[in-house]
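# Summary of structural features
Here is what each chain is made of, one letter per residue.
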Amino acid sequence: MIRALLLAVAAPSAGAVPPPLDYARLVDEAIDGGRIIQADAMLSQWRAGAQSGDLQAIEIADARMALEKRRDEEALARFTALERSGLNNCRVDEGRGIALLRLGRSQEALEPLRRAVTGCDGRWRSWNALGVAYDQAQSWALSNAAYERAFQLTDKPSQVLNNYGLSLLKQGKAEKAAVIFDKARESAPDDAWVIANGDTAYVMAGQDISRRPADTADEWARRLNNAGQVAMRMGDLPKAQAYLSRAVTEADSFVPEAAAALDTLKTTGK
């Protein structure tokens, strides 16, 4: 009899109400994970049933969504308004810093991004953006350290490695940059920017690029053209001509950029 009574007390009632969803956390996680459609849908649900205590968190989410959708002017205005309201939040600092970077205001981005990594040391996006801002200031030791920290924190390192490789190219360290881009390709083998930047590093380091098994004839021709353009900018005209000629002859389609560059080289050689 006692056992039956205990079981009855422990059983949940049929009309039990489930706990409310933690929309702030769920939307943040969706944005951080790049699941923008999902984040948009949850944000709409959250806004429809919002309580008065949710309003500021929704404003932060709206600002972050504007940033993710590349509406950078709107994002900057939203983050700035939140900051001026006295809010101390590392996501706000991170978002404002990234918006400023995208708008070409890298010097202004330094302060909010430094606050972001101080307040939330574990956010790789803040460290990555801070590395880019330090690059613009040519503070190479600081940018290297920021990228290293970002790399430690993310399980999707291609973006960080791509930025780090570009930083090393700006520093004139093409061989080190080529190694970094090779690592980036391991996590994002089909990323066109990583491939192109890696080819640039190889050419600048005096190394030859190689065709991937996945490259179509036209994709390979575009890579050869890019390598030729890099060699031209370096002043290595024989190497430029070799790459550009291959781009024209090995493509299935016409490559106008390579053909035009070859004409320029012929004119230069006269």
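These remarks concern the structure in this document.

## Thoughts on helix 6 (residues 90–102)
- Across its 13 residues, helix 6 extends 18 Å between first and last C-alpha, which sits within 8% of the 18 Å expected from 1.5 Å per residue.
- Listed as buried for helix 6 are Cys90, Val92, Asp93, Glu94, Gly95, Arg96, Gly97, Ile98, Ala99, Leu100 and Leu101.
- In this structure, the buried side of helix 6 is in contact with helix 4 (55–68), helix 5 (72–84), helix 7 (106–119) and helix 8 (124–136).
- Gly104 lies just past helix 6 and shows a positive phi near 80°.

## Regarding helix 12 (residues 192–204)
- End to end, helix 12 covers 18 Å across 13 residues, agreeing with the expected 18 Å (1.5 Å per residue, within 8%).
- The complete set of buried residues in helix 12 reads Val194, Ile195, Asn197, Gly198, Asp199, Thr200, Ala201, Tyr202 and Val203.
- Check the buried side of helix 12 and you find it contacts helix 10 (158–170), helix 11 (174–187), helix 13 (217–234) and helix 14 (237–250).
- The N-terminus of helix 12 is capped by Asp191, whose side-chain oxygen sits 2.9 Å from the backbone nitrogen of Trp193.
- Trailing helix 12 by a residue or two, Gly206 shows a phi angle of about 80°, which is positive.

## Some points on the side chain of Asp215
- Take Asp215: it is sitting in the loop between helix 12 and helix 13.
- The exposure class assigned to Asp215 is buried, which follows from its relative accessible area of 7%.
- A distance of 3.0 Å separates polar atoms of two side chains, one belonging to Asp215 and the other to Arg212.
- Those residues in contact with Asp215, other than ones at most four positions away along the chain, are Trp220 and Arg223.

## Observations regarding the state of the cysteines
- Applying the stated criterion across every chain yields a total of 1 disulfide.
- At a sulfur-sulfur separation of 1.8 Å, the disulfide partner of Cys90 is Cys120. Taking the sign of the S-S torsion, -65° for the link of Cys90 and Cys120, the bridge is left-handed. Note that Cys90 is positioned in helix 6 and Cys120 in the loop between helix 7 and helix 8, a separation of 30 residues in sequence.

Reading the values: the criteria
Residues numbered from 1 in each chain as written. Predicted model: local features only at pLDDT ≥ 70, side-chain atom pairs only at ≥ 80, totals over all residues. Heavy atoms only, no water. Helix = DSSP H or I, 4+ residues; strand = E, 2+ residues; numbered from the N terminus. Expected span 1.5 Å × (residues − 1). Buried < 20%, exposed > 50% of the residue type's maximum accessible area, 1.4 Å probe, protein only. Contact = heavy atoms within 4.5 Å. Polar contact = N/O pair within 3.5 Å; in protein donor to acceptor, adjacent residues only side chain to side chain. Disulfide = S-S within 2.5 Å.

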